[in-house]
Amino acid sequence: MDQELLKKELSFEETTNPNESIEEINVNPLNVMQSIRGILTQEEELTFMNILFSSSASIRSGNFGLSRKEVEKQLGALGDDNRFFSFITRVNQAISRYFQLIYDGKRDQVVALMRVPAHSARNTLSKESLAILLYMFYQQEVLQHEFTLFDQLLDALGHETKKANQRVLLNIDPLKKIGAIEDYETNSSERAFQLTAIGVHLFSDSFLRRTAEFSQSNQLNKEEVLKFFKRYNLYQKGEGE
Amino acid sequence: MEKMDSGLISIFQSQESAPEIMQTMKDISSLAGVLSDLGAQNFFQTPGEILKFLRLIQLLNEEALGLDDPIENAETVFYRYRNRYDDTEPPSKKRVEQIINVLVKNNWISKQTRKIKLRDVGKRMMDALIRLANDSLAYYMNDDIGRSLFQARRDAEISEAYDDNGISGGNKIASMIRNVENAIALLRERELEMLADRNALPQLELIHQLMKDLEVKLEERFRQFQTVEDSLVLTDLMQKGTAVLAEGTNLSLGMINKYVKFTNMQKTPLTSTIQPEKVRTFISKMFDPPLDSDIPNAHQLLSFMEQNQYEDEANDGLWIPVKFAAPLSRVAIEEAIEYLETYEPVIDPIVDEEEETEYSSEEMSEEDMERLMGESNWLLTKNMIDTKAIEGYFEKQEEAPLEQVIIEATTDQWSDAINALTAISALVGSKKLSVTTDEQKRKRKEYEKKWEWMKDGDGSGIVKKRTFFRRDDKSE
């Protein structure tokens, strides 16, 4: 259950009152999903649905979710920090097992992510795409690099692969399409990529844990794994702001 | 015996007219005869009946080999069957007789007064049938991946039994390679499924064992064929076979490696030290791990998570931006159903009727015409000249001297006076007001103003509302 709570905490980068969600343990999220109208006001419910809809990659390719201003406008609370974050917190509390709303401050977007079970997850992204994203995730989240160069990817991943250049490029494409990464403007002519909030949240805690375990050939404490991947920092950073 | 074209005896290499071929074909036709006769008597309707038939044949076969006492007649077969097999529903005496008659008719056995004797054709055909059935049985005793591998090994064995002895067993080497290929394709397909299964290890080991056996057999076969003259033709095939088998062995080995690593991991204690360097190398290798390595790729990792060893792990795959279709309202669905239910196709062709433009004439007096023209002219003028103030003034007043109108309707400013004067002239022009000279010589009010008339009497004209004066904005 602690992990569940943790996820809620991770759901957005800044939170005004993180203790709020710790106090209320949600034991039966599916029930709450049905009674979500009891938790959200009418405008909030509508806004949530609009975010769900607008998160669809096919509807507005490259432009995911709603901007914070748009969300606030729909909530009828322009410039009201409290209401904005309270809305996200409450939605995430209610549906944490199935969805999470994330707010990407840098790109100014509120996006809904859906949890995909391990079995179906294989149909979402190719294994190469996942490996590329995982590598960038490691560089940018763990090592705190600002971006990942294409050459770095090629060096790290392509050493034993034929046609590596083409293969890496081919598998970067879907990542961009679902908005997990974006091109990063550098001064040099080198191509570089940066994770978006979607990319940061895409890997589930369980996936990261298994990855770490396989790499160490040892069972690992989940808390430690999450600390390693800076999933705790995410929320601490928000608190400091 | 005729000299064969190739080293191996094969019906496809022999001359069609050769007497041996004729005899061979006769054999096959006798087999077909038995099968069709039995089929006509409903012997092949159920698997049970077929099995009974094969059991009967087996009895005859054993007798012929001297393993059992001689058979006198159908009755002997009938009783022997009952003794021999644990069958709750043994074939009736009549049934046995029918079978024997069919076999006699097709020359598989000969019926003499005191003895039923298996003939040579019959023996070979029976052998073939029983071998066929046993092969099938062994085939089906394997699971679907195992089947192809089993078949591949069988190919190797048949090749050994036939080709090595100068009789063609068919294109066994090619068949073997194809079977291995099929098995590998199937294995790849099911790989993720197996990794997701907590109890897959025995099966994985079995498959790997089969792969290894095959590799040995294949090597052996290839060595044999290198001495045969047509080995040149087989070079390509052999290379392909070696490659395919190497892939298969690596694949099954890799699966076991990964699986064992995962299983062993479960037994390690929980620790909390993570070496970043190891994580980094692992991720690097995850992109495209070699087949036989113990490093799973991302999809295989997800498969392991499917085993749900940690609580809720199977549900916690990835977080993906959601794709939702726009919601359909109940009303829209109902409308669609209504439309479908009551839909009537248009049968008559659509005729495009051409409408004729009709011109009608309207008559109007010259006066009306003039007034209409004036009206529109006036509206244009009104757009340019602000007459509101003056018009408003004459709402309340019937008539007044010019100067009074100008000053009371607007101000005493010179610019307003000019505007008012233009407005009045416009109103006069549109026949809403009229200006007459003051005949009564009324006393004029004196106003404080910053401008003067050119001639003294100019401001004394009486502005009078005409009878049909209306304010324009009320006229509509």
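Here the structure is a predicted model, which is why all the values come from computation and not from measurement.

**Q** In this structure, what is going on with helix α15 (residues 402-409) of chain B? I would like to understand it.
**A** Helical periodicity: at 3.6 residues per turn, an α-helix aligns residues three or four positions apart in one direction. Of all the 8 residues making up α15(B), 6 are buried; the element is thus mostly covered by neighbouring parts of the structure. Looking at α15(B), one finds that the buried residues are Leu402(B), Glu403(B), Gln404(B), Val405(B), Ile406(B) and Ile407(B).

**Q** Is there a simple way to think about the confidence of the model for chain A in this case?
**A** Any segment with low pLDDT has predicted coordinates that should not be analysed in fine detail. All names here are of chain A. Confidence along chain A averages 77 in pLDDT terms, with 74% of residues attaining 70 or more. Within chain A, no element has a lower average pLDDT than helix α2 (residues 19-23), which sits at 40, and none a higher one than helix α9 (residues 127-142), at 93. Throughout residues 1-27 the model reports pLDDT below 50, and contacts reaching past four residues in sequence, or to other chains, amount to 62 contacts. Low pLDDT, under 50, characterises residues 233-241; the predicted model gives this stretch 12 contacts beyond four residues in sequence or across chains.

**Q** Where do I start with the packing of helix α6 (residues 144-161) of chain B against helix α7 (residues 172-195) of chain B in this structure?
**A** Packed helices, taken two at a time, are described by the angle between their axes plus the distance between the axes. All names here are of chain B. For the pair α6 and α7, the least separation of the axes is 8 Å and the interaxial angle reads 165°. Here α6 is positioned roughly antiparallel relative to α7, judged by the angle of their axes. Every pair of crossing elements has a handedness; the one defined by α6 and α7 is left-handed. Across the interface between the two elements, Asp144, Ile145, Ser148, Leu149, Gln151, Ala152, Asp155, Ala156, Ile158 and Ser159 from α6 touch Lys172, Ile173, Ser175, Met176, Asn179, Val180, Asn182, Ala183, Leu186, Leu187, Arg190 and Met194 from α7. Here the contact of α6 with α7 is composed, by residue class, of 12 nonpolar, 6 polar and 4 charged.

**Q** What is the right way to read a nonpolar patch on the surface from this model?
**A** All names here are of chain B. A cluster of nonpolar side chains, contributed by Ile11, Phe12, Met25 and Ile28, occupies part of the molecular surface with about 440 Å² of accessible area. With respect to the helices and strands, the residue Met25 is situated in helix α1 (residues 19-40). We classify Met25 as partly exposed; its relative accessible area is 39%.

**Q** Help me out: how do you make sense of the sheet that holds strand β6 (residues 462-465) of chain B in this one?
**A** Whenever strands of a sheet pair, they do so through backbone hydrogen bonds, lying parallel or antiparallel. Residues and elements named next belong to chain B. The 3 strands lie next to each other as β4-β6-β5, forming an open sheet whose pairing is antiparallel. Of all strands in the sheet, those bounded by a partner on one side alone are β4 (399-401) and β5 (433-436). Averaged over all pairs of adjacent strands, the angle between their axes in this sheet comes to 25°, without regard to strand direction. Relative to β6, β4 runs antiparallel, the two being bridged by 3 bridges. Opposite Ala400, over in β6, you have Val463 as the bridge partner. Along the sheet, helix α14 (residues 388-396) contacts β4, β5 and β6; its crossing angle with β6, the most-contacted strand, is approximately 75°. Strand contacts of α15: β4 and β6, with the helix running at about 100° to β4, the strand carrying the most contacts.

**Q** Looking at this structure, how should I read the confidence of the model for chain B?
**A** Residue and element names in this part refer to chain B. Predicted confidence across chain B gives a mean pLDDT of 81, with 91% of residues reaching 70 or more. Across residues 1-5, confidence stays below pLDDT 50; counting only partners more than four residues off in sequence or on other chains, it has 5 contacts. Every residue in residues 471-476 scores below 50 in pLDDT, and together they form 9 contacts with partners more than four places removed in sequence or on other chains. In the predicted assembly, ipTM is 0.74 and pTM is 0.61.

**Q** Even after reading the chapter, I still don't get the packing of aromatic side chains, so can you show me in this structure?
**A** Each aromatic ring pair is described using two quantities: the centre-to-centre distance and the angle formed by the ring planes. By the definition in use, this model includes 19 aromatic pairs over all chains. Ring plane angle 55° and centroid distance 6.4 Å describe the contact between Tyr259(B) and Phe304(B), whose orientation is recorded as tilted. Pair noted here: Tyr259(B) is in helix α9 (residues 231-267) and Phe304(B) is in helix α11 (residues 298-306), with a separation of 45 residues, a long-range link. One aromatic cluster in this structure is built from Phe137(A), Tyr138(A), Phe203(A), Phe207(A), Phe228(A) and Phe229(A). When the ring centre of Tyr310(B) is taken as origin, the NZ or CZ atom of Arg209(A), which lies over that ring, is 3.5 Å away. One cation-aromatic arrangement involves Arg55(B) over Tyr85(B); the distance from NZ or CZ to the ring centre is 5.1 Å.

**Q** Is there a simple way to think about helix α3 (residues 74-84) of chain B in this case?
**A** Taken together, the buried positions of α3(B) are occupied by Ala74(B), Val77(B), Phe78(B), Arg80(B) and Tyr81(B). Check the buried side of α3(B) and you find it contacts α2 (47-64), α4 (93-105) and β2 (116-118) of chain B.

**Q** What exactly am I supposed to notice about the interface of chain B and chain A here?
**A** Often the size quoted for an interface is simply the accessible area lost on bringing the parts together. If you look at the interface, chain B gives 55 residues, while chain A gives 65 residues. In total, about 5900 Å² of surface goes out of reach between chain B and chain A, with carbon and sulfur atoms giving 65% of it. Per-residue buried area on chain B facing chain A is highest for Phe287(B), Leu318(B) and Trp319(B); these three make up 18% of the total on that side. At the junction of chain B and chain A, the tally comes to 4 salt bridges. In this structure, the salt-bridge partner of Glu313(B) is Arg210(A), at a minimum N-O distance of 2.4 Å. Across the chain B-chain A interface, the total number found is 31 residue pairs in polar contact (both at pLDDT 80 or more). Among the elements of the structure, α9, α10 (276-286), α11 and β3 (318-321) of chain B are those that each provide at least two residues to the side of chain B that touches chain A. Here the side of chain B that touches chain A is composed, by residue class, of 29 nonpolar, 13 polar and 13 charged.

**Q** Sorry, what's going on with the nonpolar core here?
**A** Most often, soluble globular proteins have nonpolar side chains that are buried together. With 88 residues, the main nonpolar core has Ile132(A), Leu153(A), Leu202(A), Phe203(A), Phe207(A) and Phe229(A) as its most contacted residues. Examining the composition of this core, we find that 10 residues originate from one element, α9(A), more than from any other. Among all residues touching Phe203(A), those that are not within four sequence positions of it are Leu130(A), Leu133(A), Leu134(A), Phe137(A), Leu208(A), Arg231(A), Leu318(B) and Trp319(B). Formed by 29 residues, the second largest nonpolar core is a distinct cluster that contains Phe78(B), Tyr85(B), Val102(B) and Leu118(B).

Criteria and cut-off values
- Residues numbered from 1 in each chain as written.
- Chains lettered and ligands numbered in written order.
- Predicted model: local features only at pLDDT ≥ 70, side-chain atom pairs only at ≥ 80, totals over all residues.
- Heavy atoms only, no water.
- Buried < 20%, exposed > 50% of the residue type's maximum accessible area, 1.4 Å probe, protein only.
- Helix = DSSP H or I, 4+ residues; strand = E, 2+ residues; numbered from the N terminus.
- pLDDT = per-residue confidence, 0-100.
- Contact = heavy atoms within 4.5 Å.
- Axes fitted to C-alpha atoms, helices over the stretch in contact; angles between N-to-C directions.
- Parallel < 35°, antiparallel > 145°, perpendicular 65-115°, else oblique.
- Left-handed = near helix turned anticlockwise from the far one by under 90°.
- Nonpolar A, V, L, I, M, F, W, Y, C, P; charged D, E, K, R; others polar.
- Patch = residues over 30% accessible without salt bridge, like charges linked within 9 Å, V, L, I, M, F, W, Y side chains within 5 Å.
- Areas by Shrake-Rupley, 256 points an atom, 1.4 Å probe, with all protein chains shown as cover.
- Salt bridge = Lys/Arg side-chain N within 4 Å of Asp/Glu carboxyl O.
- Pairing = 2+ DSSP bridges.
- Phe/Tyr/Trp six-rings, centres within 6.5 Å; stacked < 30°, edge-to-face > 60°.
- Lys NZ or Arg CZ within 6 Å of the ring centre and 35° of its normal.
- Buried area = accessible area lost by both parts, 1.4 Å probe.
- Polar contact = N/O pair within 3.5 Å; in protein donor to acceptor, adjacent residues only side chain to side chain.
- Core = buried A, V, L, I, M, F, W, Y, C linked by side-chain atoms within 4.5 Å.

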